[in-house]
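Each chain is listed here by its residues.
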Amino acid sequence: MTKPLFEKVALIGLGLIGSSLGHAMKRAGLARHISGHARSKETRQQALAIGFIDTVHEDPRQAVAGADLIILCVPVGICGALSETIAGDLQKGAIVSDVGSVKSAVIKACAPHIPPGVHFIPAHPMAGTEFSGPQAGFAELFNQKWCMLTPPEDTDETAIAKMVEFWTKCGAKVETMSAQHHDLVAAIVSHLPHLIAFNIVGTADDLEDITEREVIKYAAGGFRDFTRIAASDPTMWRDVFLNNREAVLTMLEHFNKDLAQLTTAIRDGDGDELFAHFTRTRHIRKGILDEEKS
Ligand code: NAP
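What this report covers is the structure whose coordinates are included nearby. (Residues numbered from 1 in each chain as written. Predicted model: local features only at pLDDT ≥ 70, side-chain atom pairs only at ≥ 80, totals over all residues. Heavy atoms only, no water.)

A short note on the overall build of the protein
Phase 1: What the protein contains, in helices and strands, is twelve helices and nine strands.
Phase 2: At 21 Å, the protein has a C-alpha radius of gyration in line with the 19 Å of a compact globule built from 294 residues.
Phase 3: Each principal axis of the C-alpha atoms in the protein carries an extent, and together these give about 65 × 40 × 35 Å.
Phase 4: Taking all 294 residues of the protein together, 41% fall into the buried category.
Phase 5: Counted over contacts in the protein with a minimum sequence separation of 6, partners at least 24 positions apart contribute 76%.
Phase 6: As displayed, the protein has an accessible area near 16200 Å², and 55% of this comes from carbon and sulfur atoms. (Helix = DSSP H or I, 4+ residues; strand = E, 2+ residues; numbered from the N terminus. Rg over C-alpha atoms; globule rule 2.2 N^0.38 Å. Buried < 20%, exposed > 50% of the residue type's maximum accessible area, 1.4 Å probe, protein only. Contact = heavy atoms within 4.5 Å. Areas by Shrake-Rupley, 256 points an atom, 1.4 Å probe, with all protein chains shown as cover.)

A word on the site of the ligand
Phase 1: In the vicinity of the ligand, 26 residues are found, and the nearest of them are Arg39, Ser40, Thr43, Val74 and Ser101.
Phase 2: Leu16 is positioned such that a nitrogen or oxygen atom in its backbone is 2.8 Å from an oxygen atom of the ligand.
Phase 3: Between Gly133 and the ligand, the recorded distance is 2.9 Å, taken from a backbone N or O atom to an oxygen atom.
Phase 4: Summarising the interface, the protein chains cover 87% of the accessible area of the ligand, which totals 900 Å² for the free molecule.
Phase 5: Elements that contribute at least two residues to the shell around the ligand include exactly α1 (16-28) and β7 (123-125).
Phase 6: Looking at side-chain class alone, the shell around the ligand contains 13 nonpolar, twelve polar and one charged residues. (Near = heavy atom within 4 Å. Polar contact = N/O pair within 3.5 Å; in protein donor to acceptor, adjacent residues only side chain to side chain. Nonpolar A, V, L, I, M, F, W, Y, C, P; charged D, E, K, R; others polar.)

Describing the state of the cysteines
Phase 1: Inspection of the entire model under this criterion finds zero disulfides.
Phase 2: No disulfide involves Cys110; its sulfur sits 5.0 Å from the nearest other cysteine sulfur, which is in Cys79.
Phase 3: A disulfide-free cysteine, Cys147 has its sulfur positioned 8.7 Å from the sulfur of Cys170, the nearest such atom. (Disulfide = S-S within 2.5 Å.)

Re the packing of helix α7 (residues 179-206) against helix α9 (residues 221-230)
Phase 1: Between α7 and α9, the shortest axis-to-axis distance is 8 Å and the interhelical angle comes to 110°. By the angle class used here, α7 and α9 are roughly perpendicular. As for how α7 packs across α9, the hand of that crossing is left-handed. Contacts from His194, Ile196, Ala197, Phe198, Ile200, Val201 and Ala204 of α7 reach α9 at Phe223, Phe226, Thr227, Ile229 and Ala230.
Phase 2: The class makeup of the residues in the contact of α7 with α9 is ten nonpolar, two polar and no charged. (Axes fitted to C-alpha atoms, helices over the stretch in contact; angles between N-to-C directions. Parallel < 35°, antiparallel > 145°, perpendicular 65-115°, else oblique. Left-handed = near helix turned anticlockwise from the far one by under 90°.)

A word on the sheet that holds strand β2 (residues 31-37)
Phase 1: The sheet built from six strands is open, its strands ordered β3-β2-β1-β4-β5-β6 with parallel pairing. This sheet does not close on itself; its edge strands, each paired only once, are β3 (55-56) and β6 (119-120).
Phase 2: Together, β1 (6-12), β4 (69-72), β5 (95-98) and β6 form the strand contacts of helix α6 (residues 157-169), whose direction differs from that of β5 by roughly 50°. (Pairing = 2+ DSSP bridges.)

Here we look at the pattern of salt bridges
Phase 1: Within this structure, the stated rule accounts for ten salt bridges.
Phase 2: We note a salt bridge from Asp54 to Lys26, for which the minimum N-O separation is 2.6 Å. With Asp54 in the loop between α2 (41-50) and β3 and Lys26 in helix α1, this residue pair connects regions lying 28 residues apart in the sequence.
Phase 3: Taken together, the salt bridges that share partners define one network made up of Lys3, Glu7 and Arg32. (Salt bridge = Lys/Arg side-chain N within 4 Å of Asp/Glu carboxyl O.)

Below you can see the structure in the form of structure tokens.
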């Protein structure tokens, strides 16, 4: 048997992303031992029963003791407090990482607690579903999806290379960028689409002339897709918008400007403007599909 990449990996948070990582690590034989911690006993017991971890611990400090890789898989708003809790039990040379959908705020909250000699390599796998919890995970979640690494400057190159290998073996394609740039990219490709979905589904529900029954009965195509996205975990998404505020507000400004232009075109009956806009966006969709095929 070839030597695993890590001796002991600690997963802090055993929901969709934590459990998918556990399954992906088991599939690729990346860790000799996987320990886990989650807030509730129910989640810990489920995770152990499913089998994507080897041991569970009520105390996160016990989960990280002796680990050479620790991955925070919890909502971004709690990453700082958990880093502080585990700081005293991190061994020298270990790598601490996370999977949070926001990077600058997580770095600001966690970095001050990472002891000298421990490497901090934040990550964000751009992969997910609208489901949560330990039963939602599966080994293929990261296959062919991008995982962004945002290591602070001066991070040890060997540790970065190890995390690139880790995510590649979990099935992902890896890119390294600054946390600030990541947050802008994530705001437009992920956070704003979710906000629009949360908004439109709420708007449809609030309408007085159209009943909730009709919305459910006739939901088709676009609206149905929006309801899937709008079913995503409320805690996770609350934390995303609270922690990526500036980037989301910047993108919302662009969005509102463009929406105002489309509103004017509809009001003015400007078919050419609408046709030109929809032609441009159809072309972008084709580009995405071509990229996926290549
Ligand atoms: P999830 O399925 O809701 O799981 C969250 C896990 O965190 C649960 O095991 C929960 O434990 C645990 N947790 C919450 N608060 C805790 C605390 N105070 N102490 C210890 N454990 C705690 O969430 P997820 O979808 O895996 O998301 C986890 C992270 O991945 C988030 O930062 C999110 O931004 C990021 N992410 C999510 C997606 C996505 O599509 N879902 C995609 C990419 C990245 P209990 O079950 O006991 O409450």
